[in-house]
Amino acid sequence: MTPSKTCIDNVKRFEGCELTAYPDPGSGGDPWTIGFGATGPGIKRGVVWTQQQANDRLAADVARFGEQVAAMLDGAPTTQGQFDAMTSFAFNVGARNLATSTLLRMHRSRDYDGAVGQFLRWNKAAGKVMNGLTTRREAEAAIYRGG
């Protein structure tokens, strides 16, 4: 499977796009971020991208996360919506967190209703419920359910 336009649009909606690199809000420095949440080599103070560069990097990043999610499914039947939701989730929290999550374990055991309920467990930062993360998890759960 590969991420659909629904997945990319969901990531865009919640990541937002900044064409000038900015420091991590928590550290005030690394990792520097640009575009739709891109980090890594070459992204530092003073870097400016075009919208096309941001769009291209997003497409590559979402595809990479999609490959990682596909490898984690272990043959479990998966709809496009379920795949897109888990790819958006992994883009935000990291593939390692998805790999060790109850959400993925429930999905692989075909407990899809249970998996839907797991999205909202990931709505905190530094132990505090974040409204933006709650909204994002609700959107991912809706995509997972096929909405």
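Worth saying up front: this structure is predicted, and the values here are computed from it rather than measured.

**Examining helix 2 (residues 51-72)**
In this model helix 2 runs 32 Å from its N-terminal to its C-terminal C-alpha over 22 residues, within 8% of the 32 Å that 1.5 Å per residue would give. Among the residues of helix 2, those classed as buried are Ala 54, Leu 58, Asp 61, Val 62, Phe 65, Gly 66, Val 69 and Met 72. With its buried residues spanning 145 degrees around the axis, helix 2 presents them on a single face. Seen from the buried face of helix 2, the exposed residues on the opposite side, beyond 90 degrees, are Glu 67 and Ala 71. At its buried positions, helix 2 is contacted by helix 1 (5-15), strand 1 (18-22), strand 2 (33-35), helix 3 (80-93), helix 4 (95-99) and helix 5 (102-108).

**Thoughts on the nonpolar core**
Of all hydrophobic cores here, the largest spans 35 residues; its most connected members are Met 86, Leu 98 and Phe 119. Of all the secondary-structure elements, those providing two or more residues to this core are helix 1, helix 2, helix 3, helix 4, helix 5, helix 6 (112-119) and helix 7 (131-145). At 7 residues, the largest contribution of residues to this core is made by helix 3. Once you skip the residues sitting within four places of it in the chain, Phe 119 turns out to touch Ala 85, Met 86, Phe 89, Leu 103, Arg 137, Glu 140, Ala 141 and Tyr 144.

**Details of the layout of surface pockets**
What the largest pocket holds in volume is close to 600 Å³. Breaking the lining of the largest pocket down by element, the ones donating at least two residues are helix 1, helix 2, helix 3 and helix 7. Examining the composition of the lining of the largest pocket, we find that 4 residues originate from one element, helix 2, more than from any other. Classifying every residue of the lining of the largest pocket gives 9 nonpolar, 6 polar and 6 charged.

**Structural notes on the pattern of salt bridges**
Scanning all chains against the criterion turns up 6 salt bridges. Two residues, Arg 136 and Glu 140, come together in a salt bridge whose shortest N-O distance is 3.2 Å. A residue pair is termed a helical-turn pair when its members lie 3 or 4 positions apart in one helix, as Arg 136 and Glu 140 do in helix 7 at 4 residues. Neither Arg 136 nor Glu 140 differs from the other in exposure class; each is buried.

**Some words on the environment of Ala 90**
For Ala 90, the position within the fold is in helix 3. Distance in space between the C-alpha atoms of Ala 90 and Gly 40 is 17 Å, their sequence separation being 50 residues. Residues within four places of Ala 90 in sequence aside, it is in contact with Phe 65, Val 69, Ala 95 and Leu 98.

**Some points on the side chain of Asn 10**
Mapped onto the elements of the fold, Asn 10 is located in helix 1. Of the residues examined, Asn 10 reaches a relative accessible area of 5% and is grouped as buried. At a separation of 3.0 Å, a polar atom in the side chain of Asn 10 contacts the side chain of Ser 88. Each residue touching Asn 10, except ones within four places of it in the same chain, is listed here: Ser 88, Ala 139, Glu 140 and Ile 143.

**A few points about the packing of helix 6 against helix 7**
For the pair helix 6 and helix 7, the least separation of the axes is 8 Å and the interaxial angle reads 160 degrees. When the interaxial angle is binned, helix 6 and helix 7 end up roughly antiparallel. Both helix 6 and helix 7 take part in a crossing whose hand is right-handed. Side by side, helix 6 and helix 7 meet where Tyr 112, Ala 115, Val 116 and Phe 119 of the first sit next to Arg 137, Glu 140, Ala 141, Tyr 144 and Arg 145 of the second. Across the contact of helix 6 with helix 7, the residue classes tally to 6 nonpolar, no polar and 3 charged.

What counts and how
- Chains are numbered independently. Their residues run from 1 in the order of the written sequence.
- Local features in this predicted model are restricted to residues whose pLDDT is 70 or higher, and side-chain atom pairs enter the listing and the counts only when it is 80 or higher, whereas totals over whole chains, interfaces and linings include all residues.
- Side-chain measures here rest on the full set of heavy atoms in the structure, leaving out hydrogens and waters.
- Helix and strand labels come from DSSP, where a helix needs a run of H or I of at least four residues and a strand needs a run of E of at least two; each type is numbered from the N terminus.
- The span one expects for a helix is its residue count, reduced by one, times 1.5 Å.
- Think of it in three bands: residues with accessible area under 20% of the maximum for their type are buried, residues over 50% are exposed, and the middle band is partly exposed, with areas taken using a 1.4 Å probe on protein chains only.
- As used here, the arc belongs to the directions running from the helix axis to the C-beta atoms.
- We call two residues contacting when some pair of their heavy atoms lies within 4.5 Å.
- Nonpolar cores are built from buried Ala, Val, Leu, Ile, Met, Phe, Trp, Tyr and Cys residues. Side-chain atoms within 4.5 Å join them into one set.
- A cavity here means a set of points on a 1 Å grid, drawn over the protein atoms and nothing else, where a 1.4 Å probe fits but cannot get out; a pocket is an open set with protein on both sides within 12 Å along at least five of seven lines, and a residue lines either one if it has an atom within 4 Å of a point.
- Grid points are joined across faces, edges and corners, and a volume is the space filled by probe spheres set on the points.
- Residue classes follow a fixed rule: Ala, Val, Leu, Ile, Met, Phe, Trp, Tyr, Cys and Pro count as nonpolar, while Asp, Glu, Lys and Arg count as charged, and any other residue, Gly among them, counts as polar.
- One speaks of a salt bridge when a side-chain nitrogen belonging to Lys or Arg is within 4 Å of a carboxyl oxygen belonging to Asp or Glu.
- As used in this structure description, the phrase polar contact means that two N or O atoms lie within 3.5 Å; if the pair is within protein, one of them must be able to donate a hydrogen and the other to accept it, and residues adjacent in sequence are counted only when both atoms belong to side chains.
- Note on geometry: axes are lines fitted to C-alpha atoms, helical ones only across the stretch in contact, with angles between N-to-C directions running from 0 to 180 degrees.
- Note on terminology: angles under 35 degrees are roughly parallel, angles over 145 are roughly antiparallel, angles of 65 to 115 are roughly perpendicular, and the others are oblique.
- For a crossing to be left-handed, the near helix must be turned anticlockwise from the far one by less than a right angle; the clockwise case is right-handed.

Scope: geometric values only; no functional claims are made or implied.
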